[in-house]
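Inside the fold
Spelled out from the first residue to the last, the chains are:
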Amino acid sequence: MESGFKEKMNKALLQLKEEIINNLISENDSFKSLVEDIDPKDIVDVAADDIDKKMLETMSAHDIKRLRLIDAALSRIHNDRYGLCMKCGKKISEERLEAIPYAVMCISCKTTDEKMNR
């Protein structure tokens, strides 16, 4: 996978993460006050470094899952594992990654997985 594409996806993942945090801040006063009490940091760093019990209580399960998937994808980028299917090891198409930057499976494996879990 080209480094330019990885950099593009890194930026997209960081933007998604920031959007989730900003939405939480705007929708939840407890979360807003918690973020404001933290030393001045980049909002993405707050999400990555300071998610604790209080913060998790203010977040929906969906937001928690997305943040964890985003963090895992960012980690895979830095470890040169991004874009490889966790099930079969083949490359995940760039089109799929553009649609779901934190995808962990190729279309074929994801389809099979969904059929098995019905």
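Our subject is the structure that appears above.
Here is a short report on the structure shown in this document. Worth saying up front: this structure is predicted, and the values here are computed from it rather than measured.

**Description of unusual backbone geometry**
Backbone geometry follows two general trends: most residues other than glycine have a negative phi, and most peptide bonds adopt the trans configuration. In this structure, aspartate 80 takes a positive phi of about 55° despite not being glycine. Mapped onto the fold, aspartate 80 is located in the loop between α5 (61–78) and α6 (94–99).

**Side note on the nonpolar core**
Counting residues in each nonpolar core, the largest one holds 22 residues, and the members touching the most others are Met9, Leu13, Ile70, Tyr82, Cys85, Leu97 and Tyr102. Sorting the residues of this core by element identifies α1 (3–27) and α5 as the ones contributing at least two each. Looking at this core element by element, the count peaks at eight residues for α1.

**A closer look at α5**
Taking 1.5 Å per residue, 18 residues should reach 26 Å; α5 reaches 26 Å between its end C-alpha atoms and fits that length. Positive phi shows up at aspartate 80, right after α5, with a value of about 55°.

**A word on the pattern of salt bridges**
For the coordinates displayed, the defined rule picks out four salt bridges. Lysine 8 is paired through a salt bridge with glutamate 98; the nearest N and O atoms lie 2.9 Å apart. Here lysine 8 is found in helix α1, whereas its partner glutamate 98 is found in helix α6, with 90 residues between them in sequence. Accessibility expressed as a relative area gives 45% for lysine 8, which makes it partly exposed. Owing to a relative accessible area of 42%, glutamate 98 belongs among the partly exposed residues under this scheme. Of the charged contacts in the structure, one is a salt bridge between lysine 17 and aspartate 71, with a shortest N-O distance of 2.2 Å. Taken together, the positions of lysine 17 in helix α1 and aspartate 71 in helix α5 put the pair 54 residues apart, joining distant regions of the chain. We classify lysine 17 as buried; its relative accessible area is 2%.

The rules behind each value
Residues numbered from 1 in each chain as written. Predicted model: local features only at pLDDT ≥ 70, side-chain atom pairs only at ≥ 80, totals over all residues. Heavy atoms only, no water. Helix = DSSP H or I, 4+ residues; strand = E, 2+ residues; numbered from the N terminus. Core = buried A, V, L, I, M, F, W, Y, C linked by side-chain atoms within 4.5 Å. Buried < 20%, exposed > 50% of the residue type's maximum accessible area, 1.4 Å probe, protein only. Expected span 1.5 Å × (residues − 1). Salt bridge = Lys/Arg side-chain N within 4 Å of Asp/Glu carboxyl O.

Don't take any of this as a statement about function, it's just geometry.
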